[in-house]
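Working through the structure, step by step
The chain contents come next:
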Amino acid sequence: MKTHTQEHDTINNLSDRHRKAVAELLSPEFQPKEDCQWFVMRVTYGRADKAVEHITREACKDADENPNETGNTLSLPYFAYTPHETKVQIKNGKRKKERVACLPGYVFFYGNEADAFRFTHRSNEDEALPFLDFAYDHTSKTLSGTDKRMIIQSHEMLNFMRLAEIDTPKAYSVTAEECHFRKGGKVRIVHGVFKGIVGRVARIHSQTRVVVTLEGIIQYATAYIPSAFMVPVAD
């Protein structure tokens, strides 16, 4: 049985390897594998972080046991992610920044379909989680008439992650009601901490911001962006 210290060290190691994988995914050198996709997974409310920790632990084990079978530019054979946002909490009269989950019912899984299925409640594998399943697009059907599994295009997911990984309370998830979108197409931010982010311009709480949307799932807004910091891009 692991001691408390050993368990703490294990969790820290998982966090370090997860952060490394995030950095690899967001690197300009990252090359997606042909058989890997970003699957949207549903979890029971509030268990997203638990699911990510479990999948990361299994990915680390698989990577250590089969070091030659990881992706070309990713140190883990598959990867799980749930976005967080920075909140300022008041504790004992002091302001403290904390990273909190902003999408507690979803996990994004990067890998092939077989690996993703291993972790769902439909699987007979030991790694299966009773509270995890694929998310389905109820507006799109397969040839057999069933709902298609929700998949995010790699460039859209990585663009979203670049924004969600910026540690500032001025960037956060927003509701559709909060966003008053400007007419026109998408823009790219070319200066400042949000440089490289692509999204749509919106007025939110009387400020001009850029909003990144994963359709039907989440909208995440930057801090205030001056017009001079944006250039139009093709959709």
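A short tour of the structure in this document, coming up. Numbers given to residues run from 1 along each chain, matching the order in which its sequence is written. In view of the model being predicted, local features appear only for residues whose pLDDT reaches at least 70, and side-chain atom pairs are presented and counted only at 80 or more, with totals across whole chains, interfaces and linings using the full set of residues. Side-chain metrics rest on all non-hydrogen atoms present in the structure, leaving aside hydrogens and water.

**So, the overall build of the protein chain**
The following threshold applies: Here a strand is any run of E in DSSP of at least two residues, a helix any run of H or I of at least four, and the numbering for each starts at the N terminus. As a reference, a globule follows 2.2 Å times the number of residues to the power 0.38, and the radius of gyration itself is taken over C-alpha atoms. Each residue's exposure class comes from its accessible area (1.4 Å probe, protein chains only) as a fraction of the maximum for that residue type: buried when under 20%, exposed when over 50%, partly exposed otherwise. Note on contacts: a residue pair is in contact if any heavy atoms of the two residues lie within 4.5 Å.
Each helix and strand counted, the protein chain has 4 helices and 16 strands in total. Against the globule reference of 18 Å for 235 residues, the protein chain gives a C-alpha radius of gyration of 19 Å, in line with a compact fold. Seen along its three principal axes, the alpha-carbon backbone of the protein chain occupies a region of about 55 × 55 × 35 Å. Here the protein chain holds 235 residues, and the buried ones make up 43% of them. Partitioning the intrachain contacts of the protein chain with sequence separation of at least 6 by distance along the chain shows that 64% fall at a separation of at least 24.

**Quick look at the nonpolar core**
For clarity, the threshold we go by: Note on terminology: a nonpolar core comprises buried Ala, Val, Leu, Ile, Met, Phe, Trp, Tyr and Cys residues joined through side-chain atoms within 4.5 Å.
Core analysis: the largest hydrophobic core is formed by 63 residues, its most contacted members being W38, F79, F108, M161 and I217. Here this core takes 7 residues from helix α2 (residues 48–65), the largest share from any one element. Apart from residues lying up to four places away in sequence, F79 is in contact with H18, A21, V22, L25, W38, L74, F108, F109, Y110 and M161. The next biggest cluster of nonpolar side chains, apart from the first, holds 7 residues, and it includes V174, I204, V211 and A221.

**Quick look at the environment of D147**
As a reminder of what qualifies: Polar contact criterion, stated in full: a pair of N or O atoms within 3.5 Å, where within protein one must be able to donate a hydrogen and the other to accept it, and residues adjacent in sequence count only if both atoms are side-chain atoms.
The topology assignment puts D147 in strand β8 (residues 147–149). For D147, a relative accessible area of 22% gives the class partly exposed. Once residues within four sequence positions are removed from consideration, D147 is found in contact with Y136, D137, H138, S140, K141 and T142. Within the local environment of D147, its side chain forms a polar contact with the side chain of H138, the two groups lying 2.6 Å apart. For D147, the side chain forms a polar contact with the side chain of K141, separated by 2.4 Å.

**Observations regarding the pairing of strand β4 (residues 94–101)**
Here is the rule: The rule for pairing is simple: two strands pair if DSSP sees at least two bridges between them.
Note: strand β3 (residues 84–91) against β4, 8 bridges, orientation antiparallel. When the sheet's bridge partners are listed, Q89 is paired in β4 with K96. Counting the residues in the hairpin turn of β3 and β4 gives 2 residues, including N92, whose phi is positive at 55 degrees.

**Some details on the side chain of T82**
The topology assignment puts T82 in the loop between β2 (79–81) and β3. Within polar-contact distance, the side chain of T82 engages the backbone oxygen of Y106 at 3.1 Å.

**Brief notes about the packing of aromatic side chains**
Our working definition: Side-chain rings of Phe, Tyr and Trp, where Trp is taken by its six-membered ring, are said to pair if the distance between their centres is within 6.5 Å; with planes under 30 degrees apart they count as stacked, over 60 as edge-to-face, and otherwise as tilted. In this analysis the charged atom, NZ for Lys or CZ for Arg, is taken to sit over a ring once it is within 6 Å of the ring centre and within 35 degrees of the ring normal.
This model, assessed by the stated rule, comprises 10 aromatic pairs. Relative to F134, the ring of F39 has its centre 5.7 Å away and its plane inclined at 70 degrees; by these criteria the two rings are edge-to-face. Of this pair, F39 sits in strand β1 (residues 37–43) while F134 is found in strand β6 (residues 132–134), placing the two residues 95 residues apart along the sequence. Here F39 falls in the buried class, since its relative accessible area comes to 2%. Ring pairing ties together the aromatic residues F30, W38, F79, Y81 and Y110, which thus form one cluster. Here the guanidinium or amino end of R42 rests over the ring plane of Y106, the centre of that ring lying 4.6 Å away. Its end group placed over the ring of F134, R149 keeps NZ or CZ at 3.8 Å from the ring centre.

**Overview of the state of the cysteines**
Note the threshold: Two cysteine sulfur atoms form a disulfide, by the criterion used here, when they sit within 2.5 Å.
Counted according to the given criterion, the structure contains 0 disulfides. The thiol of C60 is not disulfide-bonded; the next cysteine sulfur, from C36, is found 16 Å away. On the basis of relative accessible area, C60 is assigned to the buried category, the value being 5%. Cysteine C102 is unpaired, with the sulfur of C179 as its nearest cysteine sulfur at 14 Å.

**Description of the environment of R99**
Inspection of the secondary structure puts R99 in strand β4. For R99, a relative accessible area of 32% gives the class partly exposed. Once you skip the residues sitting within four places of it in the chain, R99 turns out to touch H84, E85, T86, A164, E165, I166 and D167. Reaching out from R99, the side chain makes a polar contact with the side chain of T86 at a distance of 3.0 Å.

**Observations regarding the pattern of salt bridges**
The following threshold applies: Between Lys or Arg on one side and Asp or Glu on the other, a salt bridge is scored when a side-chain nitrogen of the former is within 4 Å of a carboxyl oxygen of the latter.
Tallied over the entire structure, the rule returns 12 salt bridges. One salt bridge in this structure joins R19 and D16, with 2.4 Å as the shortest N-O distance. In this pair, R19 and D16 are both assigned in helix α1 (residues 4–25), 3 residues apart and thus about one turn of the helix distant. What makes D16 partly exposed here is its relative accessible area of 42%.

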